[in-house]
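Residue strings, one per chain:
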Amino acid sequence: MTDLYKLTIDELSSLLHKKEIKSVDILNSYIKRIEELDPEISAYLYTDFDEAFKNAEAADRIISSAGNENPGVSGIPALTGIPLSIKDIFLIKGKKTTCASKILDNFISPYDSTVVKRLKENNYVFLGKVNLDEFAMGSSTENSAYKITKNPYDFNRVPGGSSGGSAASVAADLCAGSFGTDTGGSVRQPAALCGVVGLKPTYGLISRYGIIAFSSSLDQAGVLAKDVTDAAIMLSAVAGFDEKDQTTRRFEIKDYAGIVKRADKSLIKGLRVGFPAEFFSEGLDPQIGSKITDIKNLLKDMGAVITGVTLPNTKYSVAAYYITATSEASSNLERYDGIRFGYRHKEESGIQTLDSLYRKSRETGFGNEVKRRIILGTFALSAGYYDAYYKKAALVRKLIVKDYKDAFEKADIIIGPTSPTPAFLIGEKTANPLSMYLSDIYTISVNLAYLPALSMPVGAVKNPAKENGVLPVGLQVIAPWAAEDKMLSFAKAVEDEIKFRKDYHI
Amino acid sequence: MNSDIGSDNGFEAVIGLEVHSQLLTRTKMFCSCPNVFGLKPNSAVCPTCLALPGALPVINFEGIKLAVKAALALNIGINKKSLFARKNYFYPDLPKGYQISQYLDPVSSGGHLMIKTEAGKDGLKEKKIRINRLHIEEDAGKLIHIGNLSYVDLNRAGTPLVEIVSEPDISSASEAVSYLKALREILVYLGVSDGNMEEGSFRCDANVSVRRKGDNTLGTRAEIKNVNSFKFVEKAIEYEIERQIGVILSGGKVIQETRLYDSKENLTRSMRGKEEAHDYRYFEEPDLPPLVLSEEFINEIKNSIIELPEAKRRRYVSEYKLSEYDAEVLTQDKDIAFYFEGLIDTAKGGNADGGGLEVKKLANWVINELLSELKAREGEGRSMIEKADFLELISAVESGTINRNTGKTVLAEMLSSGKKASGIIREKNLAQVSDDKGIEDALKQVLEENPKELSDLLAGKDKLFGFFVGEVMKKTKGRANPKKVNEILKKLTMEKKA
């Protein structure tokens, strides 16, 4: 079996538990694939195959000592022996974590993030760290200080961002799944642009401990997976209260994988599916608009009740988001001061003032987008401006929370496009930050409202620059607070009808 | 120097104090590192207090309890919902680049503290100092400068603090000290703080301004930092008041600034002006949820608050009929106060009439004998004697079994060996020789040995009475009851005269 890399986690896990394959076989398949494709795609910042073999061999020992049972039944977690890539924003003990920034060029983490700790408890196989926009600030992964990651559907295009390395590695089968983070759409938008499933849970479902902070009140870890079932498996492995993160909640953690497996299309019947008018405004690529309309018709055929809903404050969400996120970031990034770890500027003269140490370390260590956001955030929090910016943004956030609350009175689930455009060209938006910021226009209100949402591939549009080429289109599914189960069941029912992987998978 | 210096020039001082007090928690405020002074540099640190990437704070509820306890004892209202905030500035001892503190909506606001003042024109000896707020925050680390290198020790980073901000109700340096002493006493009593100013666990910044008497508007204030003893607080404020009056009298204007007190030179120096003041960019700490305290939580703490020193002093005067001075001495140390009260209870428990021992006598024993013995042993680690044993000793002296001086020796021995008074008296044969026969024998011997003195005494030189008593004491190694010696000597001389 040489094409194991094509399989989903669910499929691989089942074969592993039946003892038809070994984790080491899966690993070899991915290594071959990575060596073939990653030099071009550049999803990985680094791979760690030594570690991967250790993990795979350990997983094989665990499985071989168990009975031939289905994953879960044997008490052995479904992720046992499954090779995953990790966005280089999660800390892993003893491993380099750069956050795609020069300022953390030499940073080896002395501790594990809770997500990675739980993955280790699930016997996963660590393949390597994948690329991102520096400090997760960006929508194209072009802000990485190290490399440009290519969209597997067209190497001239971006994979989206900031979890671009994660999305590209899953789309190109360079891993079985990937963990990313989503502050304003950083999991969902690249998932949409790369044709994979990207899920951002309710704020507080997954611990942020050991994840490098961008904007604490918006950041949430998420999963990028080949299909909805895999997303559910990955979510189950890491979700839940963590005493080290006081913003996690004691949610009831459901068996998301089991729920998804039991879901069928009958659940669509009578379901009130909300379409917010604000998500179909100007700026939306008409081809994407028409794909979403197709889904609308499909759902109608399946018996859904299509409901018009309104999110009237959507127009303020980009502004509110950028003020909140940059304000928090300006503070979160103060710890990168060259004193205790990371890059420290050294004067050639050997004589250094504290002030020059701070200024030059940060000036050299941070990239332009990060500096832009630190400056914006510092300004927004400054005396005399706080009320006009930060406080106003916090008020808008409350209104957006209410918009969704009202909308979910009328609809059980809300859907719309994930991104206004398909994958754009490398360099296309770098000169104009505002146009880049607008690529998250449909995703950021979800973070402001603390809600769960996912993006799933529902088709593709023609790639104008490539003969017979296509570019994936993502559907965004937004659920009420803590209703991941509902969201995943709905997505699975839609996925079963669309069969994106069969038609468009590279 | 007169601490009411301003009044002479027609000026008055307006002073507000910001006190930072470390809390006696086992662990730091937002991580589980030990909260211990004096460890090897950077040995009590973890990802959170080192501010490593990805690390998050977790609220230490022991710290919240102590802060609420302090607030309740200081009559400050508790806010059931309060918020943590970030105070942002760059400094190497502040690893996150921000301090987690409270800004809007602190845990506690609006209270007061009664302080003693010199009896003023209105004759009042007490003054109410309003407290604006008490909030919870974390301490920074420490910088150590050696040569032209600077080292960072982050053991202290993240240590729990309460900041207690007074209203500008203080009008002199001596009042400021009185306020600080009262505050410190309460915090130490409650076990909230160790109050150690030298180690920096109790420190104070003073906001000082002056204005002409009768003027209702506040003058421009200077904030004095780095005052780490009561004496320095007093001196720094006195200096600053004089300096500001001097500036105004010479036609200048006081500028708003932060000044540093230099204890060696006894003066304050400008540290930074208003325009260089930090813009701390406070905002709500997004890593921590609002702090919500339940009624039960607050009540539980309220019920755990012990009688405070001021209340004890009042009670000692009214109930025990002690002098204010005695009450003051007995209540300065919480352990001593409780020991003293226990002593009274034990004495009463043994005997309905207080064991024949008046409270006043017990107080004297504690103040004059026990405290001085304990003081002599400071630093050796306090081991107290059982109350019943102490009472036994007191009874032995009061009943004349041993004399007062021997009592002191026995007390010292009890403290060092832990033995009981009766055992020590027996072992060392310390009991007073009170029987007439023994004393008479000793006295007769002394009289025989000193014929010249005896004839002088008989000739009317009464001064020699003391000489003979002293000789008897020598002979009995201090065990003779001096009263008895006197009696018998009188009797014998009368006989000889007759």
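In this section: the overall build of chain B. What chain B contains, in helices and strands, is 15 helices and 16 strands. In terms of C-alpha radius of gyration, chain B reaches 31 Å, well past the compact-globule figure of 23 Å for 498 residues. Dimensions of chain B, computed from C-alpha atoms along their principal axes, come out at roughly 100 × 55 × 50 Å. Out of the 498 residues in chain B, the part that is buried amounts to 40%.

Turning our attention to the interface of chain B and chain A. Contact residues are listed per partner, giving 24 residues for chain B and 34 residues for chain A. Grouping the amino acids of the side of chain B that touches chain A by side-chain chemistry returns 16 nonpolar, 3 polar and 5 charged.

Moving on, we come to the sheet that holds strand S1 (residues 11–22) of chain B. Residues and elements named next belong to chain B. Pairing is mixed across the open sheet formed by 9 strands, whose spatial order is S2-S6-S7-S10-S1-S11-S12-S13-S14. For this open sheet the edge positions go to strand S2 (77–78) and strand S14 (267–273), each flanked by a neighbour on one side alone. Direction of pairing for strand S12 (residues 222–227) relative to strand S13 (residues 257–262): parallel, over a ladder of 4 bridges. Bridge pairing in S13 places isoleucine 224 opposite arginine 259.

On the secondary structure map, B:Ser294 appears in the loop between strand S16 (291–292) and helix H4 (295–303). Along the primary structure B:Ser294 and B:Lys80 are separated by 214 residues, whereas in three dimensions their C-alpha atoms are 6.7 Å apart.

Our next topic: the domain arrangement of chain B. Each domain of chain B was delimited in the assignment, giving domain 1 (5–297), domain 2 (309–427) and domain 3 (436–497). Between the C-alpha centres of domain 2 of chain B and domain 3 of chain B there is a distance of 34 Å.

Turning our attention to helix H15 (residues 482–497) of chain B. Taking 1.5 Å as the rise per residue, H15(B) with 16 residues should run 22 Å; its terminal C-alpha atoms sit 22 Å apart, in good agreement. Packed against the buried residues of H15(B) are helix H12 (436–449) and helix H14 (464–475) of chain B.

With that settled, the discussion passes to the packing of H14(B) against H15(B). Residue and element names in this part refer to chain B. One can describe the packing of H14 onto H15 by two numbers: an axis separation of 10 Å at closest approach and a directional angle of 125 degrees. What the angle tells us is that H14 and H15 run oblique. Relative to H15, H14 is oriented so that their crossing is right-handed. In this structure, H14 contributes Phe465, Phe468, Val469, Val472 and Met473 to the contact, and H15 contributes Pro482, Val485, Asn486 and Leu489.

What follows deals with the confidence of the model for chain B. Should the pLDDT be low somewhere, the predicted coordinates at that spot are not to be read in detail. Residue and element names in this part refer to chain B. For chain B, the mean per-residue pLDDT works out to 88, and 93% of the residues sit at or above 70. Of the regions scoring below 50 in pLDDT, residues 1–6 engages in 16 contacts with residues more than four places distant in sequence or in other chains. The ipTM value of the predicted complex is 0.95, and its pTM value is 0.89.

What follows deals with the sheet that holds strand S15 (residues 283–284) of chain B. Residue and element names in this part refer to chain B. Reading across the sheet, the 3 strands line up as S5-S4-S15 and stay open at both edges, with antiparallel pairing between neighbours. Either end of the sheet is taken by a strand with one partner, and the two such strands are strand S5 (98–101) and S15. Alignment of strand S4 (residues 85–88) against S15, held across 2 bridges, turns out to be antiparallel. Within the sheet, the bridge partner assigned to arginine 86 lies in S15 and is phenylalanine 283.

Moving on: unusual backbone geometry. Residue and element names in this part refer to chain A. Of note, the bond from glycine 161 into serine 162 is cis; its omega dihedral lies within 30 degrees of zero at 10 degrees. Structurally, serine 162 is set in the loop between strand S3 (125–130) and helix H5 (164–171). Look at alanine 100: it is not a glycine, yet its phi comes out positive at around 60 degrees. With respect to the helices, strands and loops of the structure, alanine 100 is situated in the loop between strand S2 (83–87) and helix H4 (114–121). For alanine 100, a count of 32 C-beta atoms within 10 Å puts it in the buried group. For alanine 136, which is not a glycine, the phi torsion comes out positive at approximately 65 degrees. Secondary-structure assignment places alanine 136 in the loop between S3 and H5. With 30 C-beta atoms packed within 10 Å, alanine 136 lands in the buried category.

Ranked by size, the top nonpolar core spans 238 residues in total, and within it A:Val477, B:Ala67, B:Ala70, B:Ala176 and B:Ala206 carry the most contacts. Take this core: its biggest share by element is 10 residues, from helix H2 (residues 173–189) of chain B. Discounting chain neighbours no more than four positions away, the residues touching B:Ala206 are B:Ile15, B:Leu17, B:Ala176, B:Ile224, B:Val227, B:Val233, B:Ala236 and B:Ile237. One finds B:Ala347, B:Trp365, B:Ile402 and B:Ile425 within the second-largest nonpolar core, a separate group that totals 29 residues.

Right, let's get into helix H16 (residues 484–498) of chain A. Each α-helix winds once per 3.6 residues, and so residues spaced three or four apart point in a common direction. All names here are of chain A. The end-to-end C-alpha distance of H16 is 21 Å, a good match for the 21 Å that 15 residues give at a rise of 1.5 Å each. Those residues of H16 not exposed but buried are Glu484, Met487, Leu488, Ser489, Phe490, Ala491, Lys492, Ala493, Val494 and Glu495. Taken together, the buried residues of H16 touch helix H7 (228–238), helix H8 (256–262), strand S9 (413–417), strand S10 (453–462) and strand S11 (470–478). Once H16 finishes, lysine 499 follows within two positions and takes phi at roughly 55 degrees, a positive value.

About the cut-offs
Within any chain, residue numbers begin from 1 and follow the written order of that chain's sequence. Written order determines the labels here, with chains lettered from A and ligands numbered from 1. Totals for whole chains, interfaces and linings use all residues, but because this is a predicted model, local features are given only for residues with pLDDT of at least 70 and pairs of side-chain atoms are given and counted only at 80 or more. Here a helix means four or more residues in a row that DSSP labels H or I, a strand means two or more in a row labelled E, and each is numbered from the N terminus. For the radius of gyration, the atoms used are the C-alpha atoms, and the globule rule reads 2.2 Å times the number of residues raised to 0.38. The exposure scheme places C-beta atoms from the backbone and then counts, for each residue, the other C-beta atoms within 10 Å of its own, assigning buried at 20 or more, exposed at 12 or fewer, and partly exposed in between. Residue pairs are scored as contacts if the distance between their C-beta atoms, which are placed from the backbone, is within 7 Å. Polarity classes work like this: nonpolar for Ala, Val, Leu, Ile, Met, Phe, Trp, Tyr, Cys and Pro, charged for Asp, Glu, Lys and Arg, and polar for all others, with Gly in that last group. Here, a strand pair is defined by DSSP locating no fewer than two bridges between the strands. Where each domain starts and ends comes from a domain assignment, either automatic or drawn from a database. Given a helix with a known number of residues, its expected span is that number minus one, times 1.5 Å. Note on geometry: axes are C-alpha line fits, over the in-contact stretch for helices, and angles between N-to-C directions span 0 to 180 degrees. Convention used here: angles under 35 degrees read as roughly parallel, angles over 145 as roughly antiparallel, angles from 65 to 115 as roughly perpendicular, and any remaining angle as oblique. By definition, any crossing whose near helix is turned counterclockwise from its far helix by less than a right angle is left-handed, and any crossing with a clockwise turn is right-handed. Residue-level confidence of the predictor is what pLDDT reports, using numbers from 0 through 100. When buried Ala, Val, Leu, Ile, Met, Phe, Trp, Tyr and Cys residues are joined through C-beta atoms within 7 Å, the set is termed a nonpolar core.

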